[in-house]
Amino acid sequence: MSSLPVSLQAGLTALRQLPVDHPDFYAWYTLILRFLFPILAILMLVRIIRSLVKASPKPEVWAYLSLPNGAAEPLTHWENILGRSPASEHAALIRTGEDRWTVHDLGSKSGTLLNGKPVDPAGSSMTLGDILSLGGVDTVLLPVSDEETARRKKTSQRPVSPWGSLILLTVFQVLTALQFLFSTDEEHVLLVPAAFLCLCLVMWLYCLTLRCLGRIGFEMETIAFFLSTLSLAVTASSAPASVPKQLLAVFLGIILFLVVGIFLRDLDRVRKIRWLMAAGAVVLLSLSLVAGHERYGAANWISLLGFSFQPSELAKICYIFAGAATLERLFRKRNLGLFILLTGACMGCLALMSDFGTAAIFFVTFLVIAYLRSGDYTTLALICGGAVFGGLVLVTIKPYILRRFAAWGHVWEQASDGGFQQTRTMSAAASGGLIGVGPGEGWLHRVSAADTDLVFGMLCEEWGLIIALLSVACIAALAVFAVRSCRAGRSSFYTIAACAATSLLVFQTTLNVLGSVDILPLTGVTFPFVSNGGSSMLSAWGLLAFLKAADTRSNASFAIQLQKAHGDKWLGNLAPRQGKRAGKEVRREKD
């Protein structure tokens with residue numbers, strides 16, 4: 001404060017002196033504030049969560065296939081499998097953003113003909129009006145009328161207006177900044193409140209800029225900004241000097257979110273870089289093996305220029321990017337051999353680093369991607385069996401792994417030893433009650449890893465059980481939205497990536513929350529968006545981009561490029577077909 005103008009110093013000193021001069025007034029003020037925070041959170045999040053949970057994006061029709069009985073079957077995705085049943089798949093019809101169609105024969109016995117000629121093994125280009133013969137049945141690719149497009153646009157579901165929730169979140173952030181102005185130490189008296197105000201400004205700049213560009217859906221970002229606000233709060237309580245680093249991580253996370261989302265617009269570009277992303281995942285994890293140092297039992301930290309980060313967090317984004325696949329790749333090569341090799345390399349690196357929490361997250365993500373890519377229960381069962389066997393072998397080789405989980409289920413019996421963190425977390429959570437003791441007023445932050453692995457306990461203690469559970473509900477709402485939106489997914493790539501990303505977020509949240517209260521072993525993973533840590537924050541925003549890319553509601557996603565064509569017909573919400581397990585086959589009937 002010594003570098004501030006004299007008048008400002010005097011004002012801050014007088015303001016901070018108010019709790020001392022008027023203790024009764026300050027006690028009433030903090031009590032009202034403790035009740036006001038959960039009320040603001042409920043009013044802010046209920047509309048957002050309800051919009052995500054109840055969202056039911058409708059697939060857009062991009063063309064029709066005429067049927068022999070005179071009817072026409074709509075093509076509601078960019079990627080379509082043609083056949084009478086799942087067991088009788090004749091061909092795949094794929095559309096690109098430039099309104100080009102390509103037909104691929106899927107090894108049908110009778111072959112697939114385009115305008116009377118066999119389809120090229122590498123795929124044949126198809127235009128509106130062409131005749132496609134499948135199993136001796138002729139169909140014609142028909143266009144969609146402008147009238148139908150306009151009618152569908154008028155009846156399409158719109159996201160909830162974000163402005164009311166953003167205003168409430170702004171009030172939430174300002175009150176939090178004011179609370180820390182009273183409670184933080186003299187050295188950080190301006191630093192911490194200024195961080196909340198900066199986040200508020202960035203939030204409004206982001207939303208207003210995208211709104212000016214024609215975007216209208218901000219539910220996911222509002223949730224991320226709310227959770228990031230809580231992240232700044234727990235950081236300010238536990239390590240106020242680290243607040244600028246955490247704020248910088250939020251800014252970089254938003255930039256990563258935008259870059260990944262915009263990059264995902266072009267599927268051709270996505271396909272070309274998948275192998276590079278696979279190599280990136282392995283390189284990032286290998287980097288920890290070479291130069292990583294141990295913290296909290298896992299050698300997964302890299303120190304560079306005064307900053308510490310976890311390469312494994314960024315590897316999650318690369319891994320999902322490499323694991324997701326378009327329908328064209330799925331029907332050309334259905335096996336998972338290369339993806340299994342990638343997973344084995346990643347899991348091996350994590351095992352050598354003793355980062356078994358992250359290894360569990362990678363394995364669950366692998367199961368989700370593998371199921372969506374193949375739907376082969378037998379293969380997945382064998383893989384799970386092999387993983388269990390490998391885990392038993394690892395425990396035999398490294399018995400100290402068992403000792404790390406020795407306190408699970410009876411931490412109160414080892415309250416001063418193996419169960420120290422969990423017992424303190426549950427005690428602090430109980431002391432917070434429903435509304436918490438107030439931001440910066442708790443004591444759990446003095447326990448090791450309180451703002452990372454045990455952050456759910458800090459939320460319960462300082463913010464109350466209501467806000468803590470709302471934070472969990474935010475992650476659950478993202479998962480529900482992913483499932484609902486993937487029914488109208490534009491491509492199997494977006495469907496697989498969105499489901500994998502949200503599965504990762506949900507499983508990681510589950511491990512963090514239940515591990516801190518001894519329902520599951522304490523594995524040392526973070527709460528997405530909330531835990532203190534730049535790598536974790538970057539990873540959470542990057543993973544959110546995959547879900548944003550799967551949002552097909554009209555103008556709701558910047559990851560869908562707006563393209564105007566045919567008068568006022570917008571081709572922004574390009575809706576390709578899902579993958580083998582994540583779509584709907586086009587059924588045809590003979591006369």
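Quick summary incoming for the structure in this document. (Residues numbered from 1 in each chain as written. Predicted model: local features only at pLDDT ≥ 70, side-chain atom pairs only at ≥ 80, totals over all residues. Heavy atoms only, no water.)

### Description of the overall build of the protein
As a reminder, the rule being used: Under the scheme used here, helices are H or I runs from DSSP no shorter than 4 residues and strands are E runs no shorter than 2 residues, and both carry numbers assigned from the N terminus. Exposed residues in this analysis have more than 50% of their type's maximum accessible area, buried residues have under 20%, and partly exposed residues fall in between, with area computed by a 1.4 Å probe over protein chains only. Any pair of residues with heavy atoms lying within 4.5 Å of one another is described as a contacting pair. The Shrake-Rupley method, run with a 1.4 Å probe, gives the accessible areas here. Residue values count only the displayed protein chains as cover.
Each helix and strand counted, the protein has 19 helices and 15 strands in total. Each of the 591 residues in the protein was classed as buried or not, and the buried ones make up 53%. In the protein, of all internal contacts separated by at least 6 residues, the share reaching a separation of at least 24 is 69%. With an accessible surface of roughly 24500 Å², the protein has 65% of that area assigned to carbon and sulfur atoms.

### Observations concerning helix H9 (residues 311-323)
Here is the rule we go by: The span one expects for a helix is its residue count, reduced by one, times 1.5 Å.
Here H9 is 13 residues long and its end C-alpha atoms lie 18 Å apart, about the 18 Å a rise of 1.5 Å per residue gives. Where burial is concerned, most of H9 is hidden: twelve out of the 13 residues are buried.

### Observations concerning the packing of helix H2 (residues 23-54) against helix H4 (residues 163-183)
To be explicit about the condition: Axis angles are defined between N-to-C directions and span 0 to 180 degrees, where every axis is a line fitted to C-alpha atoms and, for a helix, only to the segment in contact. For classification, angles of less than 35 degrees are called roughly parallel, those exceeding 145 degrees roughly antiparallel, those between 65 and 115 degrees roughly perpendicular, and all remaining angles oblique. Each crossing is labelled by how the near helix is turned from the far one, with a counterclockwise turn of less than a right angle marking it left-handed and a clockwise turn marking it right-handed. Ten residue types, Ala, Val, Leu, Ile, Met, Phe, Trp, Tyr, Cys and Pro, are classed as nonpolar, four, Asp, Glu, Lys and Arg, as charged, and the remainder, Gly among them, as polar.
Between H2 and H4, the least distance of the axes is 9 Å, while the angle of their chain directions is 155 degrees. Judged by the inter-axis angle, H2 sits roughly antiparallel to H4. Where H2 crosses over H4, the handedness of that crossing is left-handed. In this structure, H2 contributes Tyr26, Tyr29, Thr30, Leu33, Leu36, Phe37, Leu40, Ala41, Leu43, Met44, Arg47 and Ile48 to the contact, and H4 contributes Ser165, Leu168, Leu169, Val171, Phe172, Leu175, Thr176, Leu178, Gln179 and Phe182. Taken together, the residues of the contact of H2 with H4 break down into 17 nonpolar, four polar and one charged.

### Description of helix H7 (residues 243-263)
Which entries qualify depends on this criterion: Here the arc refers to the set of directions running from the helix axis out to each C-beta atom.
Taking 1.5 Å per residue as the helical rise, H7 with its 21 residues ought to reach 30 Å, and the 30 Å between its terminal C-alpha atoms agrees with that figure. For H7, the complete set of buried residues consists of Val243, Gln246, Leu247, Ala249, Val250, Gly253, Ile254, Phe257, Val260 and Gly261. Burial along H7 is one-sided: seen end-on, the buried residues are contained in an arc of 150 degrees. At its buried positions, H7 is contacted by helix H5 (191-212), helix H6 (219-238) and helix H19 (534-549).

### Side note on unusual backbone geometry
Backbone geometry places Asn115, a non-glycine residue, at a positive phi of 55 degrees. Checked against the element boundaries, Asn115 lands in the loop between strand E6 (112-114) and strand E7 (117-118). The backbone phi angle of Ala449 is positive, close to 65 degrees, even though this residue is not glycine. Mapped onto the elements of the fold, Ala449 is located in the loop between helix H15 (420-432) and helix H16 (455-463).

### Comments concerning the pairing of strand E10 (residues 137-142)
As a reminder of what qualifies: At least two DSSP bridges between two strands are needed for those strands to be called paired.
Judged by which residues are buried, E10 turns out to be one-sided: Val137, Thr139 and Leu141 face inward and are buried, whereas Asp138, Val140 and Leu142, on the alternate face, are not. As paired elements, strand E1 (residues 63-66) and E10 share two bridges and run antiparallel to each other. Within the sheet, the bridge partner assigned to Leu65 lies in E10 and is Leu141. With four bridges connecting them, strand E9 (residues 131-134) and E10 associate as antiparallel partners. Each bridged residue has a counterpart across the sheet, and for Ser133 the counterpart in E10 is Asp138. Where E9 folds back on E10, the antiparallel hairpin that results is connected by two residues, among which Gly135 adopts a positive phi of roughly 60 degrees.

### Notes on the packing of H4 against H6
Interhelical geometry of H4 versus H6 gives an angle of 5 degrees and a closest axis separation of 11 Å. Comparing their axes, H6 and H4 come out roughly parallel. Facing H4, whose interface residues are Ser165, Leu166, Leu169, Phe172, Gln173 and Phe180, H6 presents Thr222, Phe225, Phe226, Thr229, Leu230, Ala233, Ala236 and Ser237. Its residues assigned to classes, the contact of H4 with H6 comprises nine nonpolar, five polar and no charged.

### Side note on the pairing of E9
Strand direction decides the pairing type here: E6 and E9, joined by three bridges, are antiparallel. Opposite Leu113, over in E9, you have Ser133 as the bridge partner.

### What to know about the packing of aromatic side chains
When we look at a pair of aromatic rings, we describe it by the centre distance and by the angle of the planes. Our working rule: Pairing of aromatic rings covers Phe, Tyr and Trp, the last counted by its six-membered ring, and requires centre-to-centre distances within 6.5 Å; plane angles under 30 degrees mean stacked, over 60 mean edge-to-face, and any other angle means tilted. Two conditions define a charge sitting above a ring: the NZ of Lys or the CZ of Arg must be within 6 Å of the ring centre, and it must be within 35 degrees of the ring normal.
A complete count under the given rule lists 24 aromatic pairs for this structure. With 6.0 Å between their ring centres and 90 degrees between their planes, Phe493 and Tyr494 make a pair best called edge-to-face. Relative accessible area serves as the criterion here: at 1%, Phe493 is assigned to the buried category. Following the ring pairs from residue to residue traces out a cluster consisting of Trp163, Trp204, Tyr206, Phe218, Phe225, Phe257, Phe529, Trp541 and Phe558. Arg269 extends its terminal NZ or CZ atom over the ring of Phe263, reaching a point 4.7 Å from the ring centre.

### Overview of the nonpolar core
Put simply, the rule is: As used in this record, nonpolar core signifies buried Ala, Val, Leu, Ile, Met, Phe, Trp, Tyr and Cys residues forming a set joined through side-chain atoms within 4.5 Å.
Ranked by size, the top nonpolar core spans 129 residues in total, and within it Phe172, Phe226 and Trp541 carry the most contacts. With twelve residues, helix H18 (residues 492-516) is the largest single contributor of residues to this core. Contact partners of Phe226, with chain neighbours within four places excluded, come to Ala41, Met44, Leu45, Leu169, Phe172, Ile467, Ser471 and Cys474. Ranked by size, the runner-up nonpolar core spans 16 residues in total, among them Leu65, Trp78, Leu82 and Leu141.

### Thoughts on the sheet that holds E6
Sheet strands pair by backbone hydrogen bonding; their relative direction is either parallel or antiparallel. In spatial order, the strands read E2-E1-E10-E9-E6-E7; together these six strands make up an open sheet with antiparallel pairing. At either margin of the open sheet sits one strand with a lone partner, and together these are strand E2 (72-75) and E7. Both E6 and E7 contribute to a ladder of two bridges, which runs antiparallel. Each bridged residue has a counterpart across the sheet, and for Leu113 the counterpart in E7 is Pro118.

### A look at the state of the cysteines
Here, disulfide denotes a covalent bond that connects the sulfur atoms of two cysteines. For clarity, the threshold we go by: When two cysteine sulfur atoms lie within 2.5 Å, the pair is treated as a disulfide.
Counting across every chain of the model gives zero disulfides. Cys318 forms no disulfide, and the closest cysteine sulfur to it belongs to Cys346, at a distance of 9.3 Å.

### Quick word on the side chain of Lys316
Where we set the bar: Any pair of N or O atoms that falls within 3.5 Å is considered a polar contact. Within protein, one atom must be able to donate a hydrogen and the other to accept it, and sequence-neighbouring residues count only if both atoms are side-chain atoms.
Inspection of the secondary structure puts Lys316 in helix H9. Exposure remark for Lys316: the relative accessible area of 1% places this residue in the buried category. Looking at Lys316, its side chain comes within polar contact range of the side chain of Glu313, at 3.0 Å. Here Lys316 is in contact with Thr358, Ile361, Phe362, Leu504, Gln508, Ser539 and Leu543, once residues within four sequence places are set aside.

### Points about a nonpolar patch on the surface
Operational definition: Residues enter a patch when their relative accessible area is above 30% and they make no salt bridge; the linking distance is 9 Å between like charges and 5 Å between nonpolar side chains (Val, Leu, Ile, Met, Phe, Trp, Tyr). We count a salt bridge whenever a side-chain nitrogen from Lys or Arg sits within 4 Å of a carboxyl oxygen from Asp or Glu.
Together, Trp28, Leu31, Phe35, Leu36, Ile39 and Leu43 make up an exposed nonpolar region whose accessible area comes to about 580 Å². By the secondary structure assignment, Ile39 is in helix H2.

### Observations concerning the pattern of salt bridges
For the structure on display, the rule yields four salt bridges. When the shortest N-O distance is used, the salt bridge between Glu219 and Arg553 registers 3.0 Å. Separated by 334 residues along the polypeptide, Glu219 in helix H6 and Arg553 in the loop between H19 and strand E14 (564-565) bring together distant segments of the chain. Taken as a pair, Glu219 and Arg553 share a single burial class, namely buried. The structure contains a network of salt bridges with shared partners spanning Glu219, Asp551 and Arg553.

Read these as layout, nothing more, since geometry by itself doesn't imply function.
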